[in-house]
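Okay, here's what each chain looks like letter by letter:
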Amino acid sequence: MSVPSRPLGRSAWWNDERSRELLFQALIVAAVIAILAYLGHNATVNLRRQGIGFGFGFLGHEAGFEISPALIPYTPADSYAYAMLVGLLNTLLVAAIGIVFATVLGLVVGLLRLSGNWLVARLALGYVELIRNTPLVLQLFVWWKLLQISAPGPRAAWQVLPGVFVSNRGVALPVPEYDPGFRWVLAALVVGMLASIALARWARWRQERTGQPFPVLATALALIVLPPAIVFVALGAPFRLDMPQLVGFNFKGGVTVTPEFAALVVGLVVYTAAFIGEIVRGGIQAVSRGQSEAALALGLKRRHVLRLVVLPQAVRTMIPPLTSEYLNLTKNSTLAVAIGFAEFFSVANTILNQTGQAIEAMTLIAAVYLSLSLGLSLLMNVYNRRVALVER
Amino acid sequence: MAETAQAAPARPPSAFRWLRANLFNTPLSSALTLLVLYVLIKVVPPLVDWAIVNASFTAPNEQACAARGGACWAFIAEWYRFILFGRYPHDEQWRPAITVLLLIVSLVASCDRRLWGRPLALLWAAGVIAVIVLMGGGVLGLPWVDTDQWNGLPLALILAVGGLALAFPLAVALALGRQSYMLGIRAFSVAYIEFFRGLPFIIVLFMAAVLFPLFLPPGVSIAKLWRVEVAFILFLAAYLAEAVRGGLQAIPRGQYEAAAALGLGYWRQMRLVILPQALRIAIPPLVGTFIGGFKDTALVIIVGLFDLLQDVAVGTNDPSWRGAYIEGYAFVAAIYFVFCYAMSRYSRSLEARR
């Protein structure tokens, strides 16, 4: 950041830059404090008139409303504070699922936009323009109404993939049945991952000393995939899918996600992926042509050019805008309040309406979203520092 | 180019060549083309059937449309005035119509470089007053219309365009404040910008709708429209400020030093040398931010204002038109798309010119 340096001068105090600055700043600070004090005074008077006490004691009271779905056991008899935690976990769930799928879909869209295939590139462009130029809340309404009203009842559910049923009760998905042996598979997976990290470090150390490359990627993949697979087979491959089945008027088995949850996740993913697609396209196009030409001239194969030369440089320019897209997705998850999915903001809003503690509830809401934003950007900043260009 | 004419070598006809080059250039590409064509054949004909072939453009109610099995555009034909202008008195709806035109003209005029500067500022000031008089009435023989009845498209445009006009000066002040060497001012600007950029817009809207009345002196109340407009101004200002800051950072240090060497004070340095250059650079991100702000006007349904989406909800609640929501949403989406697409094309043309 270029901050212009302060001009030097010497004269009467009211003409002196330094004392003027102090005066100016003192005036601004005083004005801000005066406004805040005035607002605070009004609020105290208004609260006293309405007979609302100020304080966070209400958080311990019984919530008395249902939250569905809840990731941790929850009943309406639990406290408001606990209800907020349940809502926060739902927000984090939506954000995590949304970020993963939006990144994958966005990467695909970005690559399709650059495709030499005219038809594919045009379709991707149409998708991006349509999605980016209409409001997200409108798209959420469309997804929600499609699922809730236009989708058939469970008896006539659309089977979009084997075992995946879409009906007006939500989306029923198969899930793997839990088996005690899974713990050993997981342990083998962790061991394999640790071994591949160690291997990568050793390979880099050796390459820096001797120049000998080592096929790290293939070996690491084998180390990560093979041990869990061997353990899995040794245990007798205890894999069963819990398939949703139509029993009576609804689906039993598997996992059924509510239409609200499905609409929110699909809406957020489809919306954010359009923006991520443009970031990916921009990032790849920002790598100058000379880079890939030089790499080809060095005798690298085409796929190596993309993986070793173009992508690492593209990722570098993509990280900051990607961070803000992830943040946007998390913040946009508050639109759940429009379609009635109980994430943090909807839960807190219900509590606000039940208790009338508007100032306290809004303070909590603001604090949670500000810390989420700050936390996520810190995380991405750490990653950014690792991939950022180190200039001499 | 060789001077002597030669017979062109025998080449396949150009349509065939184009197909070869653009749709079947590699095996993977050919496979993709075939896959996409298959999906299109599956999807497009039913869509055309629904939207055009079986659609009803005039029908007494939704049930009659459903009998034909297609889209119910008759709903739009019947309800378009309500969707556009909401509960504004029917006989007075020429006023919001002119307001919409006025705001669009102001936006288009803002794209003309020759007007940038004082003429544009005057135009905007006049435009804001004209819109308030036209919509509200109470003077010049126009009947008074309460802000509760400013609905639909004029509401969206007033929130976004009015928000932009008032947020812009604040944004410039914040961007300069963030660059200031005075710690107090810099800290205030940074805190303001990061606070509003860290919050989802809905929460700012809720603060304006639910919290703000609590902070007013007892007995004073401000119409919800203006409270929401304040939320737009405060929120947009934080994002616009970051766009302006990008422009300020792109100005080389030499410009500041040269302006100071000419003996200009801080404000004249900024007004005459720095800002004219910085704002020009910042226009594409400014337009991008404004598109986002315009799309955010669809959110005011959540705090209970009658925007385009709420008007559609009212229409589809009518027993005769229950179920026509997809048609209503398509209509609203088309309105938003036209505005946003036009603005993003303008922004792109500016970037291409540089």
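Residues numbered from 1 in each chain as written. Chains lettered and ligands numbered in written order. Predicted model: local features only at pLDDT ≥ 70, side-chain atom pairs only at ≥ 80, totals over all residues.

A. The arrangement of the overall build of chain B in detail. Helix and strand content of chain B: 14 helices and 0 strands. When the helices and strands of chain B are read in sequence order from the N terminus, they spell out α-α-α-α-α-α-α-α-α-α-α-α-α-α. Against the globule reference of 20 Å for 354 residues, chain B gives a C-alpha radius of gyration of 26 Å, more extended than a compact globule. Summarising its shape, the C-alpha atoms of chain B cover approximately 75 × 70 × 40 Å along the three principal directions. Taking all 354 residues of chain B together, the buried fraction comes to 35%. Taking as baseline every contact in chain B between residues at least 6 positions apart, the subset at least 24 positions apart corresponds to 65%. (Helix = DSSP H or I, 4+ residues; strand = E, 2+ residues; numbered from the N terminus. Rg over C-alpha atoms; globule rule 2.2 N^0.38 Å. Buried ≥ 20, exposed ≤ 12 C-beta atoms within 10 Å, placed from the backbone. Contact = placed C-beta atoms within 7 Å.)

B. The arrangement of the domain arrangement of chain A in detail. For chain A, the assigned domains are domain 1 (80-152 + 257-373) and domain 2 (182-234). Placing the centre of domain 1 of chain A and that of domain 2 of chain A at their C-alpha centroids yields a distance of 31 Å. (Domains from an automatic or database assignment.)

C. Layout of the interface of chain B and chain A. If you look at the interface, chain B gives 45 residues, while chain A gives 49 residues. Where the side of chain B that touches chain A is concerned, the elements lending two or more residues are helix H2 (27-53), helix H8 (183-198), helix H9 (201-211), helix H11 (253-261) and helix H14 (325-353) of chain B. When residues in the side of chain B that touches chain A are grouped by element, the largest group, 9 residues, is from H14(B).

D. Just the sheet that holds strand E2 (residues 164-167) of chain A, in detail. All names here are of chain A. Taken together, the 4 strands give an open sheet; going across it, the order is E1-E2-E3-E8, and neighbouring strands pair in antiparallel fashion. Two strands lie at the open edges of the sheet, namely strand E1 (158-161) and strand E8 (255-257), each paired on one side alone. Along the sheet, successive strands turn relative to each other by an average axial angle of 25°, direction set aside. Pairing of strand E3 (residues 170-173) with E8 involves 3 bridges; the strand directions are antiparallel. Along E8, the bridge assignment pairs Leu-173 with Val-255. (Pairing = 2+ DSSP bridges. Axes fitted to C-alpha atoms, helices over the stretch in contact; angles between N-to-C directions.)

E. Spotlight on the domain arrangement of chain B. Residues and elements named next belong to chain B. Annotation of chain B at the domain level lists domain 1 (43-86 + 321-354) and domain 2 (87-305). Each of domain 1 and domain 2 has a C-alpha centre, and these two points are 30 Å apart. Taken together, the contact pairs 15 residues of domain 1 with 18 residues of domain 2. Those elements that place two or more of their residues in the side of domain 1 that touches domain 2 are helix H4 (73-85) and H14. If one sorts the elements of the side of domain 1 that touches domain 2 by residue count, H14 sits on top with 10 residues.

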